[in-house]
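Residues per chain, in single letters:
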Amino acid sequence: MTFCRTLANLVLSGAIALASSAHAAGVTVHDARNRDVTVADFARTVSIGGAITEILYALGLESRLVGVDTTSLYPAAALHDKPNVGYMRQISAEGVLGLNPTLILAIQGSGPRETMDLLETAKVPLVLVPETFSEDGLLEKIKLVGHAMGVDARAACLSAAVGADLAQLRTLRAKVTKPVRVMFVMSLQNGRAMVAGHKTAADEIIQLAGATNAVDDYDGYKVIGDEAIVAAKPEVVLSIERGKDSLQADAVYTHPGFALTPVAANKSFITMDGLYLLGFGPRTAAAARDLSVKLYPALADGGAFKSALSAANCRQ
């Protein structure tokens, strides 16, 4: 019995030693630049990208954050409490490095490229988080951020909760019998619409909500003319709230192109918070559900969306 107890204690001690050794050596993350980045210290992290910041707060890691970017709008405490390093596409290397970070987490697409190159050569681990607009891409984003911060168990918890919400959304989406044609319009400049095509967050959120993107002939964002708008036959225009720069319903209904589509005839215009709708963070399933109910009011009769995310505690 004594021998067995001694052996068990040795095994336990060895396991603890191995775990401590692994933590001391850090973790290795394969990032969007196809690099293996080793992270040894998570104590002073700069987050560039609203979804990354939201994930970090959901994981209970806000105390490790020493800086965020201007897209980190949720929770509101992020920009209120943390130093602001600027807009994610116009980051200053000096502004980031001046916070003495031990880790920089940046969403794919952050820039400018020169800044990212400077940060990469600054001897501070820079993890570029892949941005793939899909259910799997969202879950992998959560896992990668959690792994980079050394909290795989918390990330697994959060990923499971978000996955459960996405499963609920699929059940709701299955009730849609006639998908609505939705056009996401970022802006109207000089009468020309900046519109989302495939491989965008807008395209994916439209599909997650059980609708169809009215634009199906290009990827990314593009300015299109009146003829293209009429030919696309949108039934609903979707946009994001941008303060005084927000697209207004009347501007859409009176536009020469949209005036000849069902959008104007049915007065079908929807705006939602930008990070909530397009951020592809933990709340994406809820955002898609809200959009789906706006597009198909009858779905609201199916009962409340019981978010597993709101019930989960993945912060410890």
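Residues numbered from 1 in each chain as written. Predicted model: local features only at pLDDT ≥ 70, side-chain atom pairs only at ≥ 80, totals over all residues. Heavy atoms only, no water.

Digging into the sheet that holds strand β4 (residues 65-68)
Taken together, 4 strands build an open sheet; the order of strands is β4-β3-β5-β6 and the sheet is parallel. At either margin of the open sheet sits one strand with a lone partner, and together these are β4 and β6 (126-129). Between one strand axis and the next, the sheet turns by 20° as a mean value, whatever way the strands run. Sheet topology places strand β5 (residues 103-107) next to β6; 4 bridges connect them, and they run parallel. Across the sheet, residue Ala106 finds its bridge partner in β6, namely Leu128. Where helix α5 (residues 113-120) meets the sheet, its contacts fall on β5 and β6, and the angle it forms with β6 comes to roughly 140°. (Pairing = 2+ DSSP bridges. Helix = DSSP H or I, 4+ residues; strand = E, 2+ residues; numbered from the N terminus. Axes fitted to C-alpha atoms, helices over the stretch in contact; angles between N-to-C directions. Contact = heavy atoms within 4.5 Å.)

A short note on the state of the cysteines
Disulfide: a covalent bond formed between the sulfur atoms of two cysteine residues. Within this structure, the stated rule accounts for 1 disulfide. Between the sulfur atoms of Cys157 and its disulfide partner Cys314 the distance amounts to 2.1 Å. In this structure, the disulfide formed by Cys157 and Cys314 twists by about -70° around the S-S bond and is classed as left-handed. Of this pair, Cys157 sits in helix α7 (residues 152-173) while Cys314 sits in the segment after α14 (308-311), placing them 157 residues apart in sequence. (Disulfide = S-S within 2.5 Å.)

A look at the environment of Val124
The residue Val124 is located in the loop between α5 and β6 in this model. In the structure, Val124 is positioned 86 residues away from Thr38 in sequence and 9.9 Å away in space, judged by C-alpha atoms. Filtering out sequence-adjacent residues up to four positions away, Val124 remains in contact with Leu97, Pro101, Thr102, Leu103, Ile104 and Leu119.

Concerning the packing of aromatic side chains
Inspection of every chain in the model, using the stated rule, returns 2 aromatic pairs. Aromatic pair Phe133 and Phe280: ring centres 5.4 Å apart, planes at 65°, arrangement edge-to-face. On the criterion of sequence distance, the pair formed by Phe133 in the loop between β6 and α6 (135-148) and Phe280 in the loop between α12 (274-278) and α13 (284-295) is long-range, its members being 147 residues apart. Residue Phe280 is classed as buried on the basis of its relative accessible area, which comes to 1%. (Phe/Tyr/Trp six-rings, centres within 6.5 Å; stacked < 30°, edge-to-face > 60°. Buried < 20%, exposed > 50% of the residue type's maximum accessible area, 1.4 Å probe, protein only.)

Re the pairing of strand β2 (residues 36-39)
With burial as the criterion, only one face of β2 is covered, namely that bearing Val37 and Val39; the residues Asp36 and Thr38 on the opposite face remain uncovered. Where strand β1 (residues 27-30) lies against β2, 4 bridges are found, and the strand directions are antiparallel. Its bridge partner being in β2, His30 is matched across the sheet by Asp36.

Section: the pattern of salt bridges
Enumeration over the complete set of coordinates arrives at 14 salt bridges. Salt-bridge contacts for Asp31 lead to Arg35; the nearest nitrogen and oxygen are separated by 2.4 Å. By the burial criterion, Asp31 is buried, and Arg35 matches it. Here Asp117 ties to Arg33 by a salt bridge, and the two come within 3.3 Å at their closest N and O atoms. Taken together, the residues span a long stretch of sequence, with Asp117 in helix α5 and Arg33 in the loop between β1 and β2 at a distance of 84 residues. Counted as one network, the salt bridges with shared partners bring together Asp31, Arg33, Arg35, Arg113, Asp117 and Glu120. (Salt bridge = Lys/Arg side-chain N within 4 Å of Asp/Glu carboxyl O.)

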